[in-house]
Amino acid sequence: MFGLIHVSNPEVLQLGPSIMIFYIGTGFFLGIITLMDDGMELALGFHAANNVMLSLLVTSKTSALQSEALLIDISDSSNSLTEIILQVFLIFPILLFIFAKKYGWNDWKRKLTQFN
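Residues numbered from 1 in each chain as written. Predicted model: local features only at pLDDT ≥ 70, side-chain atom pairs only at ≥ 80, totals over all residues. Heavy atoms only, no water.

Looking now at a nonpolar patch on the surface. Taken together, Val52, Met53, Leu54, Leu56, Leu57, Val58, Leu70 and Leu71 make up a surface patch of nonpolar side chains, about 740 Å² in accessible area. No other element matches helix α4 (residues 41-57), which puts 5 residues into the nonpolar patch. In this structure, valine 58 sits in strand β1 (residues 58-59). (Patch = residues over 30% accessible without salt bridge, like charges linked within 9 Å, V, L, I, M, F, W, Y side chains within 5 Å. Areas by Shrake-Rupley, 256 points an atom, 1.4 Å probe, with all protein chains shown as cover. Salt bridge = Lys/Arg side-chain N within 4 Å of Asp/Glu carboxyl O. Helix = DSSP H or I, 4+ residues; strand = E, 2+ residues; numbered from the N terminus.)

Moving on, we get to α4. Helix length check: α4 (17 residues) gives 24 Å between terminal C-alpha atoms against 24 Å at 1.5 Å per residue, within 8%. Listed in full, the buried residues belonging to α4 are Leu42, Ala43 and Ser55. Along its buried surface, α4 packs onto α3 (19-37), β1 and α5 (80-103). (Expected span 1.5 Å × (residues − 1). Buried < 20%, exposed > 50% of the residue type's maximum accessible area, 1.4 Å probe, protein only. Contact = heavy atoms within 4.5 Å.)

The phi dihedral of aspartate 38 falls on the positive side, at around 55°, and the residue is not glycine. Look at aspartate 107: it is not a glycine, yet its phi comes out positive at around 60°. Among the structural elements, aspartate 107 can be located in the loop between α5 and α6 (108-113). Owing to a relative accessible area of 39%, aspartate 107 belongs among the partly exposed residues under this scheme.

Put into structure tokens, the structure is as follows:
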């Protein structure tokens, strides 16, 4: 669902379909946070903080969030796939580990597979 919502973002046209790995991976990450924390507050806060920080720090001509940011991205984005893979498959799992320790998440199998 998160990926479908973001598929119309202008970044998809600029960076190509590989950016969808990031959007779908982020959706899974935020979904896991929501299920493990028994609420949407942490996931919504993470998403809001991500968008606010990006809109304040970096913008580009094709960004979905146009803002008067500190930096303007003029790169050709040729190595973006590596950055996407690192974010989704390295950074997000590390964040899940940190959140699990901080918030005392346990019983992952039950929380991620049981539907009420």
